[in-house]
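Fold and geometry: a report
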Amino acid sequence: MLPLGIFWLTMKIAANTLNTLLQTHTIVSESELNILDISIDSRSLRNTPHTLFFALKGAHHNAHEYVAELYEKGVRYFVVSDVVDLPADALIFKVTDTLKALQQFVAFYRKKYHFPVIGVTGSNGKTIVKEWLNQLLVPYYNIIKSPKSYNSQVGVPLSVIAINDEHNLGIFEAGISKPEEMDRLESIIQPTIGVLTNIGPAHNEGFLSVEDKLHEKMKLFKNVEVLITERTDLIDNYRPKDVKWFTWSFNKTADVQFKRIDSILEVRFQNKVFSVSIPFNDLASIENMATCITVLLYLAMDVDYITQAIPKLQTVQMRLQVKKGINDCLLIDDSYSSDYQSLKIALDFLEQQKTHLQKTVVLSDIFQSGFLPEVLYQKVGQLLNQNHVSRVIGIGEKISAYLSNVPHFQSFPDTETFLNNFNLSSFRNETILVKGSRSFQFEKIVAELEEKTHETVLEINLDALSHNLNFYKSKLLPTTKVMVMIKAFGYGNGSYEIANLLAHHQVSYLGVAFADEGVALRKAGIKLPIIVMNPENSAFDAMIAYQLEPEIYNLQELLAFQICVEQHNLYQYPIHLKLNTGMNRLGFTQKEFSPLISNLKNANVVQVASIFSHLATSDMPNEKEFTLQQINTFQNWANVIKKELNIQPTLHILNTSGVYHFSEYQMDMVRVGIGLYGVGNDVNEDAQLQNVATLKTVILQINEINEGESVGYGRRFIANKYSKIATVAIGYADGIRRSYGNGKGYVMIKGKKASIIGSVCMDMMMVDVTNLEVRVGDEVVVFGNDLRITEIAKSWDTIPYEVMTSISQRVKRIFYKE
């Protein structure tokens, strides 16, 4: 079914007109059709008497098999290529090719609209550029765009058909896999502005060469007003000569010229020179941002807006999974793709996520390269060396032949030979990237290397986490530092993997509750400054050994830490003073300032790196006055200490909800905690965050019981009718409260609620699936996008923090990136 909704509120079209449009073989009545939507999905609940259904055929499916079922559901308009037998009141349009008919229908519909449409194509970066352009232009336009990666022969018409009268800009991406495809997509999109992204070897299989593929892609731009692209000799040779082009470059003369200086892009356009802070530093993202900036300049967007908007760009999902492996290994699963460009991306991700010094890559033969084998594998070898890969395991005939000179290289002809002959237990304390083409079935390798746990998993969306971080950063000045709290095992989500991501985002500090959490991060290779919020005297030696910085909240603690620093023959060790401005939990009060200041004036073993306090009610609008009172008290007290000690430490008081509600008091640094994990403190804040954690399990067994039969310990559920009860693989040992049963809570199965009945057991709980079509092995969502943690917290009469941190360590964490 159409992913973006009904494409026309009402479309009335004569049947004979549709006959002509679709080039049908049979003539239907002269009746008028009242079409409300189109569909290609027989399973959709939105198939109605006003649906025009296109029965598409593919290599593994044929929608004609479901036409009779659709008629029974009320559908009356069908476009088919096979003979179908339906009652007389069905309107059947018989065509040679239903996909071509769908495309012709949408092309006819597209001609009704006359606003600017941006058509995006290229080898890589199409989806990202489209999504970023949408993020950048949405304040000024009502945009219709391709959902996700809907850029295929089916995806493009399903995207374009969603245009309506409210739109005034379109952004559609077009992807091709073989010659003679782009003409069809051009007739559907009908772009007025063309955007060509990176041209490389991805998806080369259907073409003789990169030039052959570029020639095909250029067909999208044959009728555009302008083509926006990087200026290269290759593109210049193949662009439509009668089309104006508007170019960018880092090293050639172009309309827009860029120069990169660390995390800044210097932009030269006409007589203007301006700088833009960039939120991503990898080469592909920089090129995609250059494309987006060039589009904005062509559209005459204000330079001030560009400099403000580009740093706020958010990540676009492209999934890579991070899993816990055997023998304390970390496993990165990229087992479904193998091309040179994506290898570079995966190696970047390996570096970001590594938790061990040892890095191993299991790699298959590489396809979609565009290079001769000897050139390709020379480049691959260079990549592996540049990324300091400790060990390479090559699987496939080509990689075995061409990478044999790479240090610490082992080769196997195929996956089965590797699994049968390699000692998997030799993988220990290393980060392993498994990357291979689908044909090599590397999922078998992943299954063997993944730590064996029960079937309950907590999936962590690293892209959502990045989105949430960028959301809070968007409320800050560029100079404001960010400290991220990853205490309590990253609020139950996993410390090491999240810390690696935060290091990649270059946050200023990490915050942990206790020293052992910081020590574990250091052992995992995290080098960011780490503040220990609850340091214990017994852990001071370990903190110094691992360069962890303590929060100091009273004079006794300060004196004890100074003695420890002196014993290590150190001086000016960084500490962080906490002031008690009203939380009345930990911190110095004003009456303690005199001995505190006297001590610090006369000692040089420590230096005050920051002064901070903690807001008690920043998430409570009715306590705004108290929050402002705390902020005012903190500013006055901090100024006293700064003046007396003649220092300029970092000042910070805002927590997550403080950033959202009181960003004008951001000072030098802010602390982001639970908001990073997708939990806001009010409805509006929550709506702008993405869900990070999804807790899933599976159905173990389904029992059918009759009226009067009971379920679980203590017979706390007794059926009052025939019921189907599913036992699922999660219990209170996994972090689900025992009191969540007896109808108080529910889970989601196939998008529908299933009430939890009886008592929650240690390892299992039971849910009522009487009205659901389910089977053993079906996925059960305990919380996620459709059942948020905040809702569970209300049921538990607690806060989301407790729900998140309750999830047991025995629950396997899977980290993924799109």
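First, a word on what this report is: a plain description of the structure on this page. Just so you know, the residues in each chain are numbered from 1, in the order the chain's sequence is written. Where totals are concerned, whole chains, interfaces and linings use all residues; where local detail is concerned, this predicted model gives features only for residues with pLDDT of at least 70, and gives and counts side-chain atom pairs only at 80 or more. Each side-chain value is derived from all of the structure's non-hydrogen atoms; neither hydrogens nor water enter the calculation.

1. Comments concerning the overall build of the protein
Segments assigned H or I by DSSP are reported as helices when at least four residues long, segments assigned E as strands when at least two residues long, and all are numbered from the N terminus. A count of helical and extended segments in the protein gives 27 helices and 39 strands. Radius of gyration (C-alpha) of the protein: 30 Å, near the 28 Å computed for a compact globule of 818 residues. Principal-axis analysis of the C-alpha atoms places the extent of the protein at approximately 95 × 80 × 65 Å. A contact between two residues is defined here by any heavy atoms of the two lying within 4.5 Å. Restricting to contacts in the protein with at least 6 residues of sequence separation, those with at least 24 account for 66%. Of the accessible surface of the protein, which amounts to about 35500 Å², a share of 48% is contributed by carbon and sulfur atoms. His is not counted, nor are the chain ends, whereas Lys and Arg count as positive and Asp and Glu as negative. Charge placement uses NZ in Lys and CZ in Arg. For Asp and Glu, CG and CD serve respectively. A distance of 2 Å separates the average location of the 78 positive side-chain charges in the protein from that of its 87 negative side-chain charges. Note on method: radius of gyration uses C-alpha positions; expected globular size equals 2.2 Å times residues raised to 0.38. For every accessible area listed, the method is Shrake-Rupley and the probe measures 1.4 Å; residues are considered covered only by the protein chains on display.

2. With respect to the nonpolar core
In terms of nonpolar packing, the biggest core is built from 128 residues, with Ile486, Leu502, Leu510 and Ile749 touching the most fellow members. Other than its neighbours up to four places away in sequence, leucine 502 contacts Leu465, Leu469, Val484, Ile486, Val507, Leu510, Leu528 and Leu676. Core analysis: the next-biggest nonpolar cluster, separate from the first, contains 48 residues, Leu33, Ile35, Val156 and Leu196 among them. Only buried Ala, Val, Leu, Ile, Met, Phe, Trp, Tyr and Cys residues count toward a nonpolar core, and they belong to the same one when joined by side-chain atoms within 4.5 Å. We call a residue buried when its accessible area falls under 20% of the maximum for its residue type, exposed when it is over 50%, and partly exposed in between, using a 1.4 Å probe and counting protein chains only.

3. Observations regarding the packing of aromatic side chains
Pairs were defined over the aromatic rings of Phe, Tyr and Trp, the Trp ring being its six-membered one, requiring ring centres within 6.5 Å. Orientation was assigned from the angle between planes: stacked under 30 degrees, edge-to-face over 60, tilted for the rest. Applying the stated criterion across every chain, the model contains 23 aromatic pairs. Ring plane angle 70° and centroid distance 6.5 Å describe the contact between phenylalanine 53 and phenylalanine 78, whose orientation is recorded as edge-to-face. A residue pair is termed long-range when its members are at least 10 positions apart, and phenylalanine 53 in strand E4 (residues 51-54) and phenylalanine 78 in strand E5 (residues 77-80) qualify at 25 residues. Note on phenylalanine 53: relative accessible area 0%, which makes it buried. What makes phenylalanine 78 buried here is its relative accessible area of 0%. Relative to phenylalanine 418, the ring of phenylalanine 412 lies with its centre 5.3 Å away and its plane at 75°, an arrangement referred to as edge-to-face.

4. Topic: the environment of leucine 695
Relative to the elements of secondary structure, leucine 695 occurs in strand E31 (residues 693-705). Along the backbone, leucine 695 and isoleucine 460 are 235 residues apart, and their C-alpha atoms lie at a distance of 9.0 Å. Once you skip the residues sitting within four places of it in the chain, leucine 695 turns out to touch Thr456, Val457, Leu458, Ile730, Ile736, Val780, Val781, Val782, Phe783, Ile807 and Val811.

5. Some details on unusual backbone geometry
In this structure, glutamate 180 is a non-glycine residue whose phi angle is positive, near 70°. Tracing the chain through its elements places glutamate 180 in the loop between strand E9 (169-173) and helix H6 (182-189). Exposure remark for glutamate 180: the relative accessible area of 56% places this residue in the exposed category. Positive phi, normally seen in glycine, also occurs at asparagine 569, with a value near 55°. For asparagine 569, the position within the fold is in the loop between helix H21 (555-567) and strand E27 (573-579).

6. Some points on the side chain of threonine 415
Within the fold, threonine 415 resides in helix H14 (residues 415-421). Look at threonine 415 and you get buried, because its relative accessible area is 6%. The residues contacting threonine 415, other than those within four sequence positions of it, are Ile395, Phe440, Gln441, Phe442 and Ile445.

7. Regarding the pattern of salt bridges
One side-chain nitrogen of Lys or Arg within 4 Å of one carboxyl oxygen of Asp or Glu is enough to make a salt bridge. Under the defined criterion, the tally for this structure stands at 28 salt bridges. Notably, a salt bridge pairs arginine 239 with aspartate 236, separated by 3.0 Å at the nearest N-O pair. When its relative accessible area of 16% is taken as the criterion, arginine 239 is described as buried. Taking the relative accessible area as the measure of exposure, aspartate 236 reaches 22% and is therefore partly exposed. A salt bridge links lysine 812 to glutamate 450; its shortest N-O distance comes to 2.7 Å. You can see lysine 812 sitting in strand E39 (residues 812-817) and its partner glutamate 450 sitting in the loop between helix H15 (443-449) and strand E22 (457-461), a full 362 residues away along the chain. Here lysine 812 and glutamate 450 have matching classes, each one buried. When salt bridges that share partners are traced, they join Lys130, Glu131, Lys145 and Glu173 into one network.

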